[in-house]
There are 2 protein chains.
Amino acid sequence: MDDATNPPPRPAHRAAHGHRWDEVELRPYKEDERALFKTISRQILFSDPKLDGELRYFEVEPGGFSTLERHDHMHAVMVLRGHGHCLVGDEVREIKLHDLVTVPPWTWHQFRATGAEALGFLCMVNAQRDKPQLPSEDDLCRLRQDAKVAKFLEGKP
Amino acid sequence: MDDATNPPPRPAHRAAHGHRWDEVELRPYKEDERALFKTISRQILFSDPKLDGELRYFEVEPGGFSTLERHDHMHAVMVLRGHGHCLVGDEVREIKLHDLVTVPPWTWHQFRATGAEALGFLCMVNAQRDKPQLPSEDDLCRLRQDAKVAKFLEGKP
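Just so we're clear, the structure is a prediction, and the values are computed from it rather than from any experiment.

**Thoughts on the interface of chain A and chain B**
- On the chain B side, the residues contacting the 40 residues of chain A number 40 residues.
- Between chain A and chain B lies a buried interface of about 3,600 Å² when both sides are counted; carbon and sulfur atoms form 63% of it.
- Interface area lost by chain A to chain B is led by His13, Leu100 and Met124 of chain A, which between them contribute 20%.
- At the boundary of chain A and chain B, one finds two salt bridges.
- The shortest N-O distance in the salt bridge between Lys50 of chain A and Asp72 of chain B comes to 3.7 Å.
- Applying the counting criterion to the chain A and chain B interface returns 18 residue pairs in polar contact (both at pLDDT 80 or more).
- Of all the secondary-structure elements, those providing two or more residues to the side of chain A that touches chain B are β1 (13–14), β5 (38–46), β6 (53–65), β7 (75–81), β9 (91–95), β10 (100–103) and β12 (119–126) of chain A.

As structure tokens, then:
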């Protein structure tokens, strides 16, 4: 990695304030016309040229959801706030505080805040990773053939 | 990495029970004669040949502390339970729930559970990393020359 593009070093200690952190920018996602994600924000907690992994915090408002996508890299997720449901492949699971979710390569996945509170989760990924692939109409059609998955995608898991 | 040495795949969803997890082994550290660490346990939450980072959870009983060490790889730490103090280089900081701590390369560091409750923290590291170096008597002597660091090392930060 080119040193000239390195971010400035972060202080050794960054205090938490609820689910915000000193020196960490909140990046709200815009609503997506195709309804691929809704009311989700992202904070990059650890990212450094010397780290081979990155740690991010995502927060989804009640009723919101992350992008339905798949990619070659893995996701290593820990719930940090609230509860909700996730889709990993053709499995729909209820998830709660501190639960762990592994998303294997090339597996469709989405996280939904199905409770009254926001759903917040940590996500560890490789610093070097491929871009996510979005589902085609055919992919969505295939996914919806499973009744459980169809209900999840409608927001009624 | 040789496929024959790969660990069996972990289930996509592993539930949390307090600060223990399904399918995650608790590895207690033995007490060390040189008093380099005390009453600390380790759980490896995410480790996979496809992940360039590893996520571990450490828990230190009240009065306990992690190993005083340094190494080339970085530590990316988030407090997940209780509060305490940490030493990073010559800085002593109070740390509380969800605070972030970055340990740069070759920086002496230690975490202490100085409260009435256990101190638990996540630690992200590179999957490929060097072995920690322990302090020599000379190193300890140099560290103790700073009054704040000396008090921290005595367990009275």
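**Details of unusual backbone geometry**
Residues and elements named next belong to chain A.
- The backbone phi angle of His98 is positive, close to 70°, even though this residue is not glycine.
- Backbone geometry places Trp106, a non-glycine residue, at a positive phi of 55°.
- Structurally, Trp106 can be placed in the loop between β10 and β11 (109–112).

**Brief notes about the side chain of Ser41 of chain A**
- Following the sequence through the fold, Ser41 of chain A ends up in strand β5.
- Excluding residues within four positions of it along the chain, Ser41 of chain A makes contact with Leu26, Arg27, Pro28, Tyr57, Phe58 and Glu59 of chain A.

**Some points on helix α1 (residues 137–144) of chain A**
All names here are of chain A.
- Of the residues making up α1, those classed as buried are Asp139, Leu140 and Leu143. Buried residues of α1, seen end-on, are gathered within an arc of 100° and therefore sit on one face of the element. Turned more than 90 degrees away from the buried face of α1 sit Glu137, Asp138 and Arg142, all of them exposed.
- Where α1 is buried, its residues contact α2 (147–153).

**Observations regarding the relation of the copies chain A and chain B**
- Rotating chain A by 180° about the axis while translating it 0.0 Å along that axis superimposes it on chain B, leaving an RMSD of 0.0 Å. Each copy turns onto its partner about a two-fold axis. Closest to the rotation axis within chain A is the C-alpha of Gly53 of chain A, separated from it by 2.3 Å.
- A shared binding surface is used by both copies, with 100% of the interface residues of chain A retained as interface residues in chain B.

**Some words on the pattern of salt bridges**
- Scanning the entire structure with this criterion turns up 16 salt bridges over all chains.
- Among the ionic pairs, Arg81 of chain A bridges to Glu59 of chain A, the shortest N-O distance being 3.2 Å. Of this pair, Arg81 of chain A sits in strand β7 while Glu59 of chain A sits in strand β6, and the two are 22 residues apart along the sequence.
- The salt bridge involving Arg142 of chain B is made with Asp139 of chain B; its shortest N-O contact spans 2.8 Å. Residue Arg142 of chain B and its partner Asp139 of chain B are located together in helix α1 (residues 137–144), separated by three residues, close to a single helical turn.
- By sharing partners, the salt bridges in this structure join Glu59, Arg81 and Glu117 of chain A into a single network.

Calculation criteria
Once a new chain begins, its residue numbering starts again from 1 and follows that chain's sequence as written. Each chain takes a letter, starting from A, and each ligand takes a number, starting from 1, following the order in which they are written. Per-residue local features of the predicted model are confined to residues with pLDDT of at least 70, and side-chain atom pairs are confined, for both listing and counting, to 80 or more; whole-chain, interface and lining totals are unaffected and use all residues. Based on all heavy atoms of the structure, the side-chain values leave hydrogens and waters out of the count. In what follows, a contact means two residues having at least one pair of non-hydrogen atoms within 4.5 Å. Here the buried area means the combined drop in accessible surface, using a 1.4 Å probe, for two parts upon being joined, counting both sides. One side-chain nitrogen of Lys or Arg within 4 Å of one carboxyl oxygen of Asp or Glu is enough to make a salt bridge. Contacts described as polar in this section are N or O atom pairs within 3.5 Å, which, within protein, must combine one atom able to donate a hydrogen with one able to accept it, while residues neighboring in sequence count only if both atoms come from side chains. Secondary structure elements are defined from DSSP: runs of H or I of at least 4 residues count as helices, runs of E of at least 2 residues count as strands, and each element is numbered from the N terminus. Summary of the burial criterion: residues with accessible area below 20% of their type's maximum are buried, those above 50% are exposed, and those between are partly exposed, where the area comes from a 1.4 Å probe applied to protein chains only. This arc corresponds to the set of directions leading from the helix axis out to the C-beta atoms. A residue counts toward the fit only if its pLDDT is at least 70 in both copies, and the copies are then superposed by least squares on the C-alpha atoms of those residues.

Nothing here speaks to function; it is all geometry.
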